[in-house]
Amino acid sequence: MSHSKKLQFILNKLYELNPDKIELKLDRVLRLANDLGNPHKKLKNVITVTGTNGKGGTAFYLKEILQAHSYSVALFQSPFLYNFLTRFLINGEPLDEEKFINYVIEVDKANNNQDITFFEYITCIAFKAFSESNCDFNIMETGLGGKYDSTNVDYQDLKAQVLTPISMDHKDFLGDSLKEITHNKCGIIKDNSNVIIAKQSSEVLGYIDEELKRKKIKKHIFSEDFNVSLENNRMIYQDDDGLIDLDMPTMKGFFQIQNAAVALKALKSIGLKLDNKKISEGIKNTKVEGRIQHITKGKLLSYVHEETNTLIVDGGHNEQAGKSLAEYLEKIKGKRSIYLVFSMLTSKDLKAYLSNFSSLVTEIKCFKLRENFYETKDIITQAKELGIHANPNSSATEAIAQLAIQDPNAIIVVCGSLYSAGKVLEQNI
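Residues numbered from 1 in each chain as written. Predicted model: local features only at pLDDT ≥ 70, side-chain atom pairs only at ≥ 80, totals over all residues. Heavy atoms only, no water.

Moving on, we get to the pairing of strand β1 (residues 46-50). Burial analysis of β1 places five of its five residues in the buried class, the great majority of the element. The side-chain alternation of β1 yields two buried faces, one formed by V46, T48 and T50 and the other by I47 and V49. As paired strands, β1 and strand β6 (residues 158-163) are joined by five bridges and run parallel to one another. Note on β6: the bridge partner recorded for T50 is L163. (Buried < 20%, exposed > 50% of the residue type's maximum accessible area, 1.4 Å probe, protein only. Helix = DSSP H or I, 4+ residues; strand = E, 2+ residues; numbered from the N terminus. Pairing = 2+ DSSP bridges.)

Structure, rendered in structure tokens:
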């Protein structure tokens, strides 16, 4: 959706906030929060969600299961697809535009032209908006890392902290090794909280154990303290309390079953009395746009053969996200050919992502979304090295239309960037 001119003008000003040199530290956000009266300390039942992959999905499963049990829920999510105000969800609804503008005025006055980053600024808006909404639960998804992320503040009612799968990403800020990245992610973990650890590689799990061994916490580790399996198209959750037979998630990919299980364990760990039917309802109701999303309605279908083509949009942009997408496509492929409509930020690892698709896709149609994205010639060169045929296009919709003409039975996947996923989904409205 297009923002109003007034909102877009304000957002453009906020995007200019970042200091010349961004140092990852908490001084700025703590100073601004303090000048606003420390609204974060008024938040009830806070749950933080940190990691590399699956943060958004896990946060939404938490939200939907809680809402199915009639709790009110505020969710701060990062980033957004096409409506900026969806960063601040209160009972599933984006923050009202006029309220947002009023918070900007209030926060701007408190900041008084001092150095602040864009994300720190909007995190403080979330603190203000959520403290005034007085929801039963507040879910805070980190933006970058954990240790110096602006959501890493002293909450007075912190109930649970989730660590979703950790992998290589944001190397320019978090470090160029898994050990450094894990150290940064674990920096948000506070004493006296329940820590729910999603499925990790054995290497990362070792690093997490090392980071948290001196913390006074209660750990709940996937595959050790709880697990989930797929049986007869049912989701079977298991922990020390026994088995729960649940409906399958609506969202695609086996990792979504794991995300749902992690969310469920987080809520169980804080002692909530949960109803199995309402858990299933929450899991089925969870829908996050741009996560292996099948396009079944909307304007994009005018570019394809609706009855025979399959059109998917996925915003994953790192090696692990590419692997999860490739595994899903392998399962649904059958005898059909798979084509990628692809773009990627230059800050992401192009080779690591595309290597997941070297023996899976027939062709890549690539485009450059904007200035800080890879040139199409660089994508074509990398694809060729991996044995994948690739061609340039001027836009995602042009590529989708060409592929549908070329192969009426094709599986067409827009992928590689959350920004391009958002752009394409905005065109579907």
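Now that the structure is up, let's keep going.
Moving on to the packing of helix α2 (residues 27-35) against helix α5 (residues 118-133). At a closest axis distance of 10 Å, the pairing of α2 and α5 adopts a crossing angle of 35°. Crossing of α2 against α5: the hand is right-handed. Facing α2, whose interface residues are R28, V29, L32 and A33, α5 presents E120, Y121 and C124. Classifying every residue of the contact of α2 with α5 gives five nonpolar, no polar and two charged. (Axes fitted to C-alpha atoms, helices over the stretch in contact; angles between N-to-C directions. Left-handed = near helix turned anticlockwise from the far one by under 90°. Contact = heavy atoms within 4.5 Å. Nonpolar A, V, L, I, M, F, W, Y, C, P; charged D, E, K, R; others polar.)

A word on the nonpolar core. Counting residues in each nonpolar core, the largest one holds 41 residues, and the members touching the most others are F84, F88, F100, I125 and F130. Looking at this core, the element that brings in the most residues is α5, giving ten residues. Of all hydrophobic cores here, the second largest spans 38 residues; its members include L89, I139, Y237 and I283. (Core = buried A, V, L, I, M, F, W, Y, C linked by side-chain atoms within 4.5 Å.)

Turning to the packing of helix α3 (residues 55-68) against helix α9 (residues 254-269), a few remarks are in order. It is the contact of α3 with α9, at a shortest axis distance of 8 Å, that shows an interaxial angle of 55°. Overall, the two elements α3 and α9 adopt an arrangement that is oblique. Relative to α9, the crossing made by α3 is right-handed. Listed contacts from α9 to G57, T58, Y61, L62, I65 and L66 of α3 are Q256, N259, A260, V262, A263, L264, A266 and L267. Per-class residue counts for the contact of α3 with α9 are ten nonpolar, four polar and no charged. (Parallel < 35°, antiparallel > 145°, perpendicular 65-115°, else oblique.)

On to the pairing of strand β7 (residues 194-197), then. Burial of β7 is two-sided: the residues N194 and I196 facing one way and the residues V195 and I197 facing the other way are all buried. Pairing geometry for β6 and β7, over four bridges, is parallel. Bridging across to β7, L163 finds its partner in I197. The pairing of β7 with strand β8 (residues 218-221) spans four bridges and is classified as parallel. By the bridge assignment for β8, I196 is matched with H220. The β-α-β motif built from β7, the intervening helix α8 (residues 202-212) and the parallel element β8 has right-handed crossover chirality. (Right-handed = clockwise from strand over helix to strand, strands pointing away.)

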